[in-house]
Amino acid sequence: MQMSDIIRHAIEIGERKGWITFDELNALCPGSTVEPEDIELLMEALSDAGIRLEEE
C-alpha cells in the first residue's frame, strides 16, 4: 500500500472516533516498507486532521 493510501485510511478511521490506536496503525503499515520519513508524514497528517494517537 502506498503511503498516501495509508494516511487516507488512517484519517478515515480517526475521523469516525477522533483517535486511532497504535494497533490500527500497525495493521495499516507494512513494517518492512515504512521509513522514518513516512512515519513523520503520517503523524503530521493525523495532527493536522485533529486525530489523536491512543494506546488502546
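Residues numbered from 1 in each chain as written. Predicted model: local features only at pLDDT ≥ 70, side-chain atom pairs only at ≥ 80, totals over all residues. Heavy atoms only, no water.

- As annotated in an unreviewed UniProt entry, the protein carries the name RNA polymerase subunit sigma-70 and is attributed to Bradyrhizobium aeschynomenes.

1. Examining the overall build of the protein
For step 1, the next point in the chain: Across its full length, the protein holds three helices and two strands.
For step 2, the next point in the chain: Counting from the amino terminus, helix and strand elements in the protein follow one another as α-β-α-α-β.
For step 3, the next point in the chain: Taking 56 residues into account, the globule formula puts the C-alpha radius of gyration at 10 Å, and the protein, at 10 Å, falls close to it.
For step 4, the next point in the chain: Counting only C-alpha atoms, the protein reaches 25 × 20 × 15 Å along its principal axes.
For step 5, the next point in the chain: Residues counted as buried form 32% of the 56 residues belonging to the protein.
For step 6, the next point in the chain: A separation threshold of at least 6 residues defines the contact pool for the protein, and within that pool the share at least 24 residues apart is 67%. (Helix = DSSP H or I, 4+ residues; strand = E, 2+ residues; numbered from the N terminus. Rg over C-alpha atoms; globule rule 2.2 N^0.38 Å. Buried < 20%, exposed > 50% of the residue type's maximum accessible area, 1.4 Å probe, protein only. Contact = heavy atoms within 4.5 Å.)

2. Digging into helix 1 (residues 3–17)
For step 1, the next point in the chain: A rise of 1.5 Å per residue sets the reference length of helix 1, with its 15 residues, at 21 Å; its end C-alpha atoms lie 22 Å apart and thus fit the reference within 8%.
For step 2, the next point in the chain: Three or more residues of helix 1 are buried, namely Met3, Ile6, Ile7, Ala10, Ile11, Ile13 and Gly14. Looking straight down helix 1, one finds that the buried residues subtend no more than 165 degrees of arc, so they occupy a single side. Set apart from the buried face of helix 1 by more than 90 degrees, the exposed residues are Ser4, Glu15 and Arg16.
For step 3, the next point in the chain: Lining the buried residues of helix 1 we find strand 1 (19–21), helix 2 (22–28) and helix 3 (36–48). (Expected span 1.5 Å × (residues − 1). Arc of directions from axis to C-beta.)

3. Focus on the side chain of Thr21
For step 1, the next point in the chain: Its place among the elements puts Thr21 in strand 1.
For step 2, the next point in the chain: Thr21 sits in the buried class, given a relative accessible area of 9%.
For step 3, the next point in the chain: Setting aside anything within four residues of it in sequence, one finds Thr21 in contact with Leu53, Glu54, Glu55 and Glu56.

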